[in-house]
Structures are given as structure tokens and as C-alpha cells.
Amino acid sequence: MGKGKYAKKRAQETLSGDDIPQKTAPAATEQLPSELSAPRSEERELPSPADTGGAKTGLGKKIAASFRGGDKLRGSSRRIWELDFIRGVCVLLMVFDHFIYDIGHIFAREWIAANPDMDVLVYIKDMALNYWNSDFHETSQHVVVWIFCFVCGISCYFSRSNLKRGIMAGIFAMLITLVTKQLNMTIRFGVLHMFAVAILLWWLIDTLCRHKKLRTATVSLVLGIAIIAIDYAFSAAYENGARFTDNKTWFFLADWLNAGVYSADYYPVFPSVGYVLIGSFFGFALYNKRRSLFPRLGKYSWHAPFDFWGRIALWVYVFHQVVVAAVLALVSVIFFTPGDLVII
């Protein structure tokens, strides 16, 4: 036992320099294996500015990183590109939707009143209103929200803290309610309110299931299907004249429990939360290895601009209407209503 490597090392240290056995140095022409030989200083590859971050720090570095593609999750710095891409497309369609609404219902009227001879403004208003009132708009709006719900559910599977995520969404939802109430277009229970409830419900399910992913996914799938089925049955009865309550308190649960409460944006718990829960099941089923399903398609950065908007979807949802209204107000005061600032 005393002849271990440490004992041998101490014995070698006691030898004088002349007593240390000398190994024959390799000949000048003899090559060391490439994996053992150190590169010469002039041949060493210097890190690129992209690797070192260059002068980018803080927010600028994060924004630059947002425009780089990736197919695999590595800690918190890499994300699955197709989820950000889908979320980005959906949030940009939402911005376009509200842009058309503001033109058709708010700004175009003021533009026409100030410029009655400009027929093109009447044409723009008619186009905006026709789009907003079309069956295509109604259908596509619901499809986009359903996709958003599905992706939100998948994201629950990846999130480090759905409790924090749900509380943050709830806080922003309440702020939106307070602000829109001052503008006489109150959003009492919109998309963000529904997302907050869905995320917190998923967190509760995951906690009760002791963070067993398969168990959580199974319970989420069953409960999600049940929510959608219940809504389908009660909605059919409601359309046939059945009324279930006169109490306005429960309007946020379902349309068939809404006793006349108006919300400018309205997505109740039934059935929307069901789509989020089903999405969380597919997060487990499809992304159990936390890798992209389309790594080859995401190899190049063609999708990066959409990914960027998908990463900041919450902030876009909260502030986009203010930005859209500000841009249209600026266009209005410069071109159509000089000296008269049109606001919502």
C-alpha cells in the first residue's frame, strides 16, 4: 500500500538532478501526435468577435444572440427555434390585426373628416373595415390564438418557474385591465388573463404530481380534453336557448356563463385553457429530449427575425397597442391632420 503513486513521487523528488533518469528526446524530424502537440502561437486560432461578444454587453448582447439560430437547448442560452418562430409569427399577426382595427375604427374617420376630397382615405377605411368584419378574419383570429395556446402549453414544459411566469402574466393582465378601463374599452378577461390562469393551473398540476413529467403530462391531457368537451356540450345547449346563471361574477369561466359582461378582448377559461393543457402534453411527448424536431430546417438563420419577436412575445403583447397608436398618431399629425393629434 505504501508503494502508491504519491510514495513514488516523493522518492523521485529526493533524487538529484544527475540521478533522475533521462528520457531520450524525440528527433527533430519526429512528429508528435497531432492531438498532443500544442499549436504554435502564430498558428493558434483567435476567437472571433461573435465568440467573445465583441463590444456587445448587456441588452445589446442579448439582442444580438436573439438573431442567431439554434436547434438544441443548452442551459438557458439556446432555444428550440420552431417554437420561437411560431410564437413570433403569431404575435406579428396580432400586431397587424390591431393595426388594421385602429385604422378602420379610429384614425380613418378623423383623416376623412379633415380631408373630405381624398377618396383614397375612404378606400383605406373600407378595406380595413371589410377585413375586420370578414369571416376570414374571425376564423384566422381564433386559429392564431389556438396556436398561441398550444405553444404556450409546450413552453410550460420547458419553463424553470411556471409560478413566476404565471404571476407575471397575471400582473400584466391586471395592468391592461386598468389602462383599457380609462380608455373606455375595458379588457376584463383577455388572452393574457387566460394565459395567466392556464400557466398557474399547469404549475398546480405539476406540483400535485410531484414534478413527475409523465404523470403531469397525462393529467394535463385528460383535463384539457375534458375542458374542451364540457365547453362544447354547454355551448350547444346555450345556443339552443339554455341559460345557466344570471350572476355576472362567473363571466371569465365560459361564454355560456357570461350574463352580459362586455370585454373588448374576451377569451374565457373554457375552452382556451384546455388547448394550453393539451399543448403541455405535446411538450412532453415531442420535446422530451429538448431538441428541435427540425434541426436541418433550422440550420440557417432565415427564421431568426421571427424568433426574435417570439422571444419577447409577452412584451410585444403588453406594449404593441401603445406603439401602433403612437405611430398612426404621428402619421396623422404629419400628413392628414396637421396640428391636430389624433389619439385613441
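None of the values given here were measured: they were computed from a predicted structure. (Residues numbered from 1 in each chain as written. Predicted model: local features only at pLDDT ≥ 70, side-chain atom pairs only at ≥ 80, totals over all residues. Heavy atoms only, no water.)

### Points about the overall build of the chain
- Of regular secondary structure, the chain possesses 12 helices and 0 strands.
- Its helices and strands taken in sequence order, the chain reads α-α-α-α-α-α-α-α-α-α-α-α from the N to the C terminus.
- Excluding contacts between residues fewer than 6 apart, the proportion of contacts in the chain whose partners are at least 24 apart in sequence is 70%.
- For the chain, the exposed area adds up to about 22100 Å²; of that, 63% sits on carbon and sulfur atoms. (Helix = DSSP H or I, 4+ residues; strand = E, 2+ residues; numbered from the N terminus. Contact = heavy atoms within 4.5 Å. Areas by Shrake-Rupley, 256 points an atom, 1.4 Å probe, with all protein chains shown as cover.)

### Concerning a nonpolar patch on the surface
- Side chains of L163, I167, I171, M174, L175, L178, L200, W203, L204 and L208 sit close together on the surface and give an oily, nonpolar patch of about 900 Å² of accessible area.
- Listing elements by their share of the nonpolar patch, those giving two or more residues are α7 (162-182) and α8 (191-208).
- With 6 residues, α7 is the largest single contributor of residues to the nonpolar patch.
- Here M174 shows up in helix α7. (Patch = residues over 30% accessible without salt bridge, like charges linked within 9 Å, V, L, I, M, F, W, Y side chains within 5 Å. Salt bridge = Lys/Arg side-chain N within 4 Å of Asp/Glu carboxyl O.)

### What to know about the side chain of S220
- With respect to the element layout, S220 can be found in helix α9 (residues 213-239).
- We classify S220 as buried; its relative accessible area is 0%.
- Those residues in contact with S220 that sit more than four places away from it in its chain are W202, I205, L277, I278 and S280. (Buried < 20%, exposed > 50% of the residue type's maximum accessible area, 1.4 Å probe, protein only.)

### Some details on the packing of aromatic side chains
- This model, assessed by the stated rule, comprises 26 aromatic pairs.
- Ring plane angle 65° and centroid distance 5.9 Å describe the contact between F158 and Y287, whose orientation is recorded as edge-to-face. Here the residue F158 occupies a position in helix α6 (residues 135-158), and Y287 occupies one in the loop between α10 (269-286) and α11 (304-311), the gap between them amounting to 129 residues. Neither F158 nor Y287 differs from the other in exposure class; each is buried.
- Arranged with centres 5.7 Å apart and planes meeting at 45°, the rings of F189 and F252 form a pair that is tilted. Remark: F252 occurs in the loop between α9 and α10 and F189 occurs in the loop between α7 and α8; sequence separation between them is 63 residues. (Phe/Tyr/Trp six-rings, centres within 6.5 Å; stacked < 30°, edge-to-face > 60°.)

### What about unusual backbone geometry?
- Note the cis peptide between F270 and P271, where omega equals 0°.
- Although it is not a glycine, R290 adopts a positive phi angle of roughly 55°.
- Inspection of the secondary structure puts R290 in the loop between α10 and α11.
- Note on R290: relative accessible area 32%, which makes it partly exposed.

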